[in-house]
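# Notes for the structure review
Chain by chain, the residues:
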Amino acid sequence: MAKVLAVLSNGYSNEERNYVTGWWAEELFEPLSELEKAGHSVDLASINGGKPIVDPLSLDSAYDPAGTYKELYDSGLADKTTPVVDVRASDYDAIMIVGGHGAMFDLAHDENLHAVINVVHETGGIISAVCHGPAPLVFTKTRDGKPLLQGLKVTGYPNDMEPEEVDGLLPFSLEDEMANIAQYDKGDGQDEYFVWGSDRLLTGRDPGSSQAFGRELAEKLTEKEEHRLDKQLG
């Protein structure tokens, strides 16, 4: 079936504010489960490679009451990632940028990641991101110099959901940056929200949308694979 590259933050810390962030557990493990159930394979990457930093809050009982994500994390499932610079982007049918505030710090402006995103896009793959995961998509430009998201419908973590603790810490507002170049929609009134900006661009709003986002990505990849096989069989 399809091959997916999941990209995670290596983390960010601010000792003065006693702040540590990284990738958000639910936003990896829920889509990963949906993709693997559908028979797709998922490889992990990060900017520096190695073991990426998980946001500790995402393993807290407030966000993981059953301890499901902590158990998966403790199993070592996300301990090994390939450095983005070493990724062969043409091998992948889709890229999935995992959210968490960390994505806004190390993923957003990384040129190697932008290059991988462009190759996946140019070779017909799906670009997907959930919550703060669209941060690098905002700053990715196509070969002709246009923003990848220009004019497309997108969603991502909205300003009014940002916790007070991150006030003055985040390098930019994800909602504002997305709204500058794309048709931002936070899906008011919907518990789970994702949107296709095109047949190859999928964004999800928040951690609670992760499962639905992952299921949607898995289904689209299955459809594409079935279509490809039908064409091969004539």
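Scroll up a little and you will see the structure.
No experiment lies behind these values; they were computed from the predicted model shown.

Procedures and definitions
Residues numbered from 1 in each chain as written. Predicted model: local features only at pLDDT ≥ 70, side-chain atom pairs only at ≥ 80, totals over all residues. Heavy atoms only, no water. Core = buried A, V, L, I, M, F, W, Y, C linked by side-chain atoms within 4.5 Å. Buried < 20%, exposed > 50% of the residue type's maximum accessible area, 1.4 Å probe, protein only. Contact = heavy atoms within 4.5 Å. Salt bridge = Lys/Arg side-chain N within 4 Å of Asp/Glu carboxyl O. Helix = DSSP H or I, 4+ residues; strand = E, 2+ residues; numbered from the N terminus. Pairing = 2+ DSSP bridges. Axes fitted to C-alpha atoms, helices over the stretch in contact; angles between N-to-C directions. Patch = residues over 30% accessible without salt bridge, like charges linked within 9 Å, V, L, I, M, F, W, Y side chains within 5 Å. Areas by Shrake-Rupley, 256 points an atom, 1.4 Å probe, with all protein chains shown as cover. Lys, Arg positive; Asp, Glu negative; His and termini not counted. Charge placed at Lys NZ, Arg CZ, Asp CG, Glu CD. Phe/Tyr/Trp six-rings, centres within 6.5 Å; stacked < 30°, edge-to-face > 60°. Left-handed = near helix turned anticlockwise from the far one by under 90°. Nonpolar A, V, L, I, M, F, W, Y, C, P; charged D, E, K, R; others polar.

### Notes on the nonpolar core
Within the largest apolar cluster, 61 residues are counted, with the highest numbers of intra-cluster contacts made by Trp-23, Leu-28, Ile-95, Met-96 and Leu-113. Residue contacts for Ile-95: discarding those within four places in its chain leaves Leu-5, Val-7, Leu-113, Val-116, Ile-117, Val-120, Ile-126, Ile-127 and Ser-128.

### Observations regarding the pattern of salt bridges
Applying the stated criterion across every chain, the model contains 12 salt bridges. Of the charged contacts, one joins Glu-122 and Arg-143 as a salt bridge, the two residues approaching to 2.9 Å between their closest N and O atoms. Taken together, the residues span a long stretch of sequence, with Glu-122 in helix H3 (residues 111–122) and Arg-143 in the loop between helix H4 (135–138) and strand E8 (153–154) at a distance of 21 residues. The residue Asp-185 makes a salt bridge to Lys-153 at a minimum N-O spacing of 3.6 Å. Taken as a pair, Asp-185 in the loop between strand E9 (183–184) and strand E10 (194–198) and Lys-153 in strand E8 lie far apart in primary sequence, 32 residues in all. On the accessibility criterion, Lys-153 (34% relative accessible area) is partly exposed. Residues joined by salt bridges that share partners form a network here, namely Glu-34, Lys-37 and Arg-215.

### Things to note about the sheet that holds strand E5 (residues 82–83)
Pairing is mixed in the open sheet, where seven strands are placed in the order E5-E4-E1-E6-E7-E11-E10. With one partner strand each, in any of the chains shown, E5 and E10 form the two edges of the open sheet. In this fold H3 packs onto strand E1 (3–8), strand E6 (94–97) and strand E7 (126–130), with an angle of close to 140 degrees to the strand it touches most, E6. Here helix H6 (residues 210–233) sits on the sheet in contact with E1, E6, E7, E10 and strand E11 (201–204), set at roughly 170 degrees to E7.

### A word on a negative patch on the surface
Where like charges cluster on the molecular surface, the negative patch consists of Glu-219, Glu-223, Glu-226 and Asp-230. Its location among the elements puts Glu-226 in helix H6.

### Brief notes about the pairing of E10
When E10 meets E11, the two strands line up antiparallel, connected through four bridges. From the neighbouring strand, Val-195 faces E11, where its bridge partner is Thr-203.

### Notes on the packing of aromatic side chains
One pass over the full model with this rule turns up six aromatic pairs. With a centroid separation of 3.8 Å and 5 degrees between ring planes, the pair formed by Tyr-12 and Phe-105 is classed as stacked. Highlighted residues: Tyr-12 in strand E2 (residues 12–14) and Phe-105 in the loop between E6 and H3, separated in sequence by 93 residues. On the basis of relative accessibility, which here comes to 27%, the residue Tyr-12 falls in the partly exposed class. Ring plane angle 80 degrees and centroid distance 5.3 Å describe the contact between Phe-139 and Phe-172, whose orientation is recorded as edge-to-face. Placement of the pair is Phe-139 in the loop between H4 and E8 and Phe-172 in the loop between E8 and helix H5 (174–181), with a sequence separation of 33 residues. Under the relative-accessibility criterion, Phe-139 is labelled partly exposed at 23%. Its relative accessible area of 12% is what places Phe-172 among the buried residues.

### Let's talk about the packing of helix H1 (residues 25–37) against H6
Closest axis-to-axis distance for the H1/H6 pair is 8 Å, and the angle between their directions is 35 degrees. Handedness of the crossing formed by H1 with H6: right-handed. Of the residues in H6, those touching H1 at Glu-26, Glu-27, Glu-30, Pro-31, Glu-34 and Leu-35 are Ser-210, Gln-211, Phe-213, Gly-214, Arg-215, Leu-217, Ala-218 and Leu-221. Its residues assigned to classes, the contact of H1 with H6 shows six nonpolar, three polar and five charged.

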